[in-house]
Amino acid sequence: MVLETSDSNSEKGGFPPPTTTKEVPTTYYTTTYSYRYGEQANTRRLLLAILKLATCLCLASWIYRFALPGPATLPLPSKYSGALRDDPASEFADDDFPLRVHEPWDISVDFPYPRTLSYEVTEGTWLRLDVHPVSGDIVFDMAGDLYCLPADAYSGAGRVGGRTEAVPVLTGVPHDADPRFSPEGDRLAFKSDAGLGADNLWVMPWAADGCTAMDVRAHVSSSHELELKIQDEELLARGMKETDERKLRRLTGEGRADARRITNETYNWVSDLRWHPSGDKVVATKRYYSSRSLGAGEGWEFSVPTFNTKSQIEVGAGKRLVSKNLPMGWTKADYVEQQIGYEQFIWAGDDALIYAGNVRDVDGSYTYSKDVHKGIYAIFGRNLTTGAEETLVSVSPGGASRPTLSRDGRTLAFVRRVRDKEALVLKDLNTGTLHHVWHGLTYDLSTIYAPMGTYPSFAFTPSLSSPGIIIWAAGQIWHVPLARNAEGELVAATKVTNNTDLAPNVIPFTAHISKKLAETRRVKTDVRKFESGPQRIRAFTQLALDEAGGRAVFAGAGQTWVQVLGNSLINPTTLDPIDDANFLGTSKPAQRIPHLHPSAGYYSPSFVPASSFALHARWDNLHFSSLELADLESGQVWNVVGLPKGRWFGAVASGTAENGVRTVVLVKTGGDVLTGNVVATAQTGVWLGEITLPSLSLSLDTVALNNLRHVPSSIDPSDVVKLSFVDGEASEVLVQQSDRALRLSLRDGAEQVVAQGKETDELIFSPSGSVSSKSSRRAERNNAAGGAAFISLFHVYYAPPSSVDSEKEMWAKPGKAPKNLARLSGDGGHDVVFSGDGSVIGWFLGPYLHTLPLSRLPSCKGAIGVDSSTFGIDCVRGLLDVTAVDVAYTPDVQRLSNEAHQSIANGAQKSMQEHAAGSNADVVIIHNATVLSMANGVLTQDLRSGASVVIRSGVVEAVGGPGVGEGLRGAFVINAEGGYVVPGFIDAHAHWSGTGDKYPATSWEMQTFLAYGVTTLHNPSLHNSLGYVERGRIESGLMAGPRLFHTGTVIYGASEYSIHQDIASMREAREALVRIKAEAGDASWSYKNYNLPTRAARQRLLTAARELGMLCVPEGGMNYDWDLTYIVDGMTTIEHNIPVSKLYDDILTLYTMSGTGSTPTHIVDYGGMFGEQYLWATEDIPNDLKLRTHTRHDILEELSESTSRPFNSMALWNVSASVANMVHRGLRAHIGAHGEPPLGLMYHQEMFYAKAGGLSNYEVIRAATADAAITFGLFDSLGSISAGKLADLVVFPPGFDLLQDDIRQTRNVRYVIRGGRVWDAATMEEMWPVKRKQVLPPFNAE
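Because the structure is predicted, anything quoted here is derived from the model rather than measured.

## Quick look at the overall build of the protein
Reasoning step 1: The secondary structure content of the protein amounts to 25 helices and 74 strands.
Reasoning step 2: The C-alpha radius of gyration computed for the protein amounts to 33 Å, which stays within 12% of the reference 34 Å derived for 1342 residues, consistent with globular compactness.
Reasoning step 3: Its C-alpha atoms put the protein at 110 × 90 × 70 Å along the principal axes.
Reasoning step 4: In the protein, which comprises 1342 residues, the share counted as buried stands at 63%.
Reasoning step 5: Taking as baseline every contact in the protein between residues at least 6 positions apart, the subset at least 24 positions apart corresponds to 68%.

So, in structure tokens, the structure goes:
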């Protein structure tokens, strides 16, 4: 199958679709469960956006389908009057981001590049080019540098065959791209991230002598100059500050000594510049983030400075020419959230523009997996004087993008998809006639968000007598000769004259690439070591303080704890939250809250005021929530009866009692991910009841919750909900959610909002204070005793009563924050609460419980007042009390051994022989196995037939022949019957959705992963603390699951207020990583930067990661240019594929030799139809018996797909081929299924896609095991079947040839072993050391 074509050089690849006899479903469903596209989801906020968009989407869809006469072009009329049009961006201030000005940073000198990679190429990837308007020389970008080819490489003047050398004209650390000659040819403008690392436009002089004169190698032609260059580079690599003399030498050697800025963007970014005919200005696409990290384009005009200008370009300078449109029903306040804009602007005369835009996404939200054959982009023209706009090329068929005008302005060239080919098309603007001149292009990227362009820039040659187009395709630069027909229209020149072939022809070139590379982030983590001893719980949640703030209760690893505060020896000003030396006798140990069921999960604890009691909830997978009342002094526990079946949390009791009766309020929630939507989902919200505290002298073991009733309210039970009584009274309760706090009357249900946050994660209001009314505040008559605290941008803040306005949203943006706002957290925090009397604020960061008596805060009033950036934290930090919560659980290795020996002890041991067998009670022997150990990375060394594996206490003891393990009486024996045994699979890019559920329910997600042989998960986007709370439930034995590692919340560049991070300083970089690592210690070893727009921010994080011992796994994000900087800067992997699916030698070599690994994730491939859709369309997922055993049926029943798109619509086949090519060169690839449904099974489909490009079955298994373990630094403990490693294994049934059969049959696992525990993979019944089966919640209706 031809996946990418050219008339003279077809490229073939891919994998034929498997045959199937099943009927392909004809109905398409979209799942709402999946963590899709790598974006960080916030369900509650997304639902609000969906509600806002639903009406306009329906209307837009109706108009699109029925009212328009033809295919969609614009969501607005095709023509309008600019004078009458109201600019949608007129109220868009664009002043929220970046939050802070970046501290000085130069990507070239403030980050070390100790390695140099040099190599020769004769092909290149995605080469954006321009042609000199006079000489015809070609300038193009390749691998982040600029090169020049003289015109005689294609013009025939002096050309005698062979390859022409492309000379470097701009090199160095900055990533330079998309060069454009000025109209006179005396200047070259280009995009570059030089300096701070934001994509900006630059301009430099261009010599009249062209390529030869611009060759940067001329600056280091002598041996002395070369020696100086080497010395300078060595000094930079060692971190020696650059002198002015060395800087000038470096800039001169790179070719940028005379370069000047055109733009100065530090958050938004610009690309695709085109010169105005005057040569005084350019137009370019300026991209803006919404809450999603997809930069929507606007057309902006920028003045080009002269080279003798020394003045600085103002940040954000420029003039908006073309705004984004607003979908129907949107207001100007919504403008920032419009994810669809315009791009690829070119001048069409002095006051007119031509540009392209995505017209399929009409509701303001970008969608993936669109159909390229129906068309996605159209091309428009606009007169800037009159405002008149017209559609120049419609969207269908095949779309139209990358508009390029001929030198005389008469012919518009563009690219479009035509069946299984990509066409270069010419439109004569005088006659309107279209001519398809060549079908040899590489497929365009209109199917994705493509900031590097939907197709590389190309250009017309300067000769009007011998017109032509220079364009990149299939790894080469091509010359496409043109001619004029009888009507004067440009058409393909196909005739042969003067022995010259006028068909499109390759311009052969050779180029020397030399790249400075940073050291690739590598960290080794000894999982066996830190999982062998007592496991300290580091991640806690659901914090509550007692009345005066002297004690705390909280949950962690599915258990509840009480901690006495005070007398800590920790110095808050020097606290390092990842240094466990803080636990050495600095605080009193926490204690379990007394409880009735040791094996149950407990959660949601609270103090009962003016008593020694605490309330907490117990979870049962079948019966759901129960309450227990515990006396913290005597240890006595009472079961609370009278609570109906349901999901209940947040119970708090009032401080006052009438006749000994306390009021209790609590919240009931509906269905969630882990417990489903089948049982007990009605009447959610706030409930009210009464309870009488028991007398310790009575022998009763139950307490009744009476008169339970629902209190109607506007709260969102699925959000954060913290309840507290106002001043301890039983008549009114404070309901505190993520971004608002309200008073709720328990008598009549009346509500009053008392505080609001702007996209805050948590917001609390002092229960002892009240917000003054607006009028009383103006009169300055009310000085309330309370205030508000909130989590904004990962930090804890406090706003005093005078700064809390119930009608204004609070957040921590410098210049927009409440007056006198104080930052309380040094590195971050979560689970913020007030004490019962409002005098103390507390929060967690990892195992460190921070408290601040508010009476101390006035001592930092001056520092808070003058610090408009970090709000006085350097002073406030010294006021804190810090308690190290030191609690632990027994590691699974020890529990397994104990259970195994107990199993023997429970049996009759009547003989010495049987007694001796007890010494091997914790041994598992697998014999008669075909072991593929993956220990060496070479098939012939890793494969062993008739082998045995001995496991003792969860660790591999020996691997050998049939005799290994003989004589070990009492061991548990598995006869593999010749079946393959391999290391447990590592899902290198996993997602799932149940982490944020409020209840410690057994996770069907974790069980499903295990059932398909996945024994280790790495999630590159999970809540900082809650992800490790979930890990604690697995490791403590509360539920079964794989080993769980994750990056914490992504370090996100887009305008999502709750998770955005600038990383504008090294301090911010360290804080960002510390607050991730603090939650898990050694188990936290990675982070993920997600489309951070400045390279300086990314380099700061890498610098901090070296100190803290962390890996970086960035989001690929569909940005080709940024992906290349991730490789050059030494990031550990790239998550998702590089968006250009077919890579060539420039990038294949760079990627492979850099040391960066690849997790391509074909399941959600960038480009065309997703791999997941192919699985849904070709298999009967809803009726898969194994899936129906472990997974929610409602999710499965949505996974039906029918697609009539051609097989070549799936770019993943080319991605697979590119990755396979690099693997064969030495790259480490990994298997990651992105958490797409169906979980587990999708992992094996991803293995199929990995094989499709040319990997062997063995290489796929290596990617799924050893290579992932090596990349993640886990290979000392995981990834192979080797003595001394943790026993994570997969046993396949006999008869399956793992090395030759269909790789997708790896889904048929017989046994899965995780740390020595053995499960039947079909049923997930534990076979050893204890025969049992965990109970899942009743989430299925049948």
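Okay, back to it.
## As for the pairing of strand S26 (residues 476-484)
Reasoning step 1: Counted residue by residue, S26 has 7 buried out of 9 residues, so it is predominantly covered.
Reasoning step 2: Here strand S25 (residues 468-473) hands over to S26 after 2 residues, with Ala474 in that stretch at a positive phi of 50 degrees.
Reasoning step 3: Looking at chain direction, S26 and strand S28 (residues 505-506) are connected through 2 bridges and run antiparallel. Note on S28: the bridge partner recorded for His479 is Asn505.
Reasoning step 4: Where S26 meets strand S27 (residues 490-492), 3 bridges bridge the pair, whose relative direction is antiparallel. Opposite Ala483, over in S27, you have Val491 as the bridge partner.

## With respect to the pattern of salt bridges
Reasoning step 1: Enumeration according to the criterion identifies 71 salt bridges in this entry.
Reasoning step 2: Close ionic contact of Glu977 with Arg1310 constitutes a salt bridge, the shortest N to O distance being 2.9 Å. Remark: Arg1310 occurs in the loop between strand S71 (1289-1291) and strand S72 (1311-1314) and Glu977 occurs in the loop between strand S60 (972-975) and strand S61 (980-983); sequence separation between them is 333 residues.
Reasoning step 3: The network of salt bridges with common partners includes Asp892, Arg895, Glu899, Arg1317, Glu1326 and Arg1332.

## Notes on the environment of Gln1007
Reasoning step 1: Relative to the helices and strands, Gln1007 is located in helix H13 (residues 1004-1011).
Reasoning step 2: Considering only alpha carbons, one finds Gln1007 and Val665, 342 residues apart in sequence, at a separation of 34 Å.
Reasoning step 3: Setting aside chain neighbours within four positions, we find Gln1007 in contact with Ala1040, His1190, Met1324, Gln1334 and Leu1336.

## Remarks on the side chain of Asp428
Reasoning step 1: You can see Asp428 is positioned in strand S22 (residues 421-428).
Reasoning step 2: Look at Asp428 and you get buried, because its relative accessible area is 2%.
Reasoning step 3: A polar contact of 2.6 Å, which involves the side chain of Asp428, links it to the side chain of Arg410.
Reasoning step 4: Side-chain polar atoms of Asp428 contact the backbone nitrogen of Thr431, separated by 2.9 Å.
Reasoning step 5: Aside from chain neighbours lying at most four places away, what touches Asp428 is Arg410, Thr433, Gly488 and Glu489.

## Brief notes about the pairing of strand S10 (residues 200-205)
Reasoning step 1: Of all the 6 residues making up S10, 5 are buried; the element is thus mostly covered by neighbouring parts of the structure.
Reasoning step 2: Bridging between strand S9 (residues 187-192) and S10 involves 6 bridges; their strand directions are antiparallel. If you follow Phe190 over to S10, its bridge partner there is Trp202.
Reasoning step 3: For S10 and strand S11 (residues 260-261), the ladder comprises 2 bridges, and the chain directions are antiparallel. Note on S11: the bridge partner recorded for Trp202 is Arg261.

## Remarks on helix H24 (residues 1257-1264)
Reasoning step 1: Counting buried positions over the 8 residues of H24 gives 8, a clear majority of the element.
Reasoning step 2: Regarding H24, the residues found buried are Asn1257, Tyr1258, Glu1259, Val1260, Ile1261, Arg1262, Ala1263 and Ala1264.
Reasoning step 3: Check the buried side of H24 and you find it contacts strand S57 (923-932), helix H12 (939-942), strand S62 (985-987), helix H22 (1212-1225), helix H23 (1241-1252) and helix H25 (1266-1271).

## Let's talk about the sheet that holds strand S31 (residues 541-545)
Reasoning step 1: A sheet is described by the order of its strands in space; here 4 strands give the open sequence S31-S32-S33-S34, paired in antiparallel fashion. Where the open sheet ends on each side, the last strands, each with one partner, are S31 and strand S34 (591-592).
Reasoning step 2: As paired strands, strand S33 (residues 559-564) and S34 are joined by 2 bridges and run antiparallel to one another. Among the inter-strand pairings, Trp561 is bridged to a residue of S34, identified as Arg592.

## Here's the deal with H22
Given 3.6 residues per helical turn, the α-helix brings residues three or four places apart onto the same face.
Reasoning step 1: For H22, spanning 14 residues, the distance from its first C-alpha to its last is 20 Å, which sits close to the expected 20 Å at 1.5 Å a residue.
Reasoning step 2: Those residues of H22 not exposed but buried are Leu1212, Trp1213, Asn1214, Val1215, Ser1216, Ala1217, Ser1218, Val1219, Ala1220, Met1222 and Val1223.
Reasoning step 3: Taken from the residues just after H22, Gly1226 is the one with a positive phi, measuring 125 degrees.

## Quick look at the packing of helix H18 (residues 1145-1154) against H22
Reasoning step 1: Between H18 and H22, the least distance of the axes is 10 Å, while the angle of their chain directions is 50 degrees. Comparing their axes, H22 and H18 come out oblique. Between H18 and H22 lies a crossing whose hand is right-handed. In contact with Asp1145, Leu1148, Thr1149, Tyr1151 and Thr1152 of H18, H22 contributes Ser1218, Asn1221, Met1222 and Arg1225.
Reasoning step 2: The residue inventory of the contact of H18 with H22, partitioned by class, reads 3 nonpolar, 4 polar and 2 charged.

## Some remarks on the sheet that holds strand S49 (residues 795-799)
Reasoning step 1: With respect to topology, 4 strands assemble into an open sheet ordered S47-S48-S49-S51, the strand pairing being antiparallel. Bordering the open sheet on either side are strand S47 (762-765) and strand S51 (822-823), each of which pairs with just one other strand.
Reasoning step 2: Across 2 bridges, the pairing between S49 and S51 is antiparallel. Each bridged residue has a counterpart across the sheet, and for Tyr798 the counterpart in S51 is Ala822.

## Some remarks on the state of the cysteines
Reasoning step 1: Evaluated as defined, the whole model comprises 2 disulfides.
Reasoning step 2: With a sulfur-sulfur separation of 2.0 Å, Cys860 is cross-linked through a disulfide to Cys875. Torsion about the S-S bond of the Cys860 and Cys875 cystine: about -80 degrees, corresponding to left-handed handedness. Highlighted residues: Cys860 in the loop between strand S54 (848-853) and helix H8 (861-866) and Cys875 in helix H9 (residues 873-876), separated in sequence by 15 residues.
Reasoning step 3: Judged by relative accessible area, Cys875 falls into the partly exposed class, the value being 29%.
Reasoning step 4: When the bonded cysteines of the protein are counted from the start of the sequence, the pairing works out to 1-2, 3-4.

About the cut-offs
Residues numbered from 1 in each chain as written. Predicted model: local features only at pLDDT ≥ 70, side-chain atom pairs only at ≥ 80, totals over all residues. Heavy atoms only, no water. Helix = DSSP H or I, 4+ residues; strand = E, 2+ residues; numbered from the N terminus. Rg over C-alpha atoms; globule rule 2.2 N^0.38 Å. Buried < 20%, exposed > 50% of the residue type's maximum accessible area, 1.4 Å probe, protein only. Contact = heavy atoms within 4.5 Å. Pairing = 2+ DSSP bridges. Salt bridge = Lys/Arg side-chain N within 4 Å of Asp/Glu carboxyl O. Polar contact = N/O pair within 3.5 Å; in protein donor to acceptor, adjacent residues only side chain to side chain. Expected span 1.5 Å × (residues − 1). Axes fitted to C-alpha atoms, helices over the stretch in contact; angles between N-to-C directions. Parallel < 35°, antiparallel > 145°, perpendicular 65-115°, else oblique. Left-handed = near helix turned anticlockwise from the far one by under 90°. Nonpolar A, V, L, I, M, F, W, Y, C, P; charged D, E, K, R; others polar. Disulfide = S-S within 2.5 Å.

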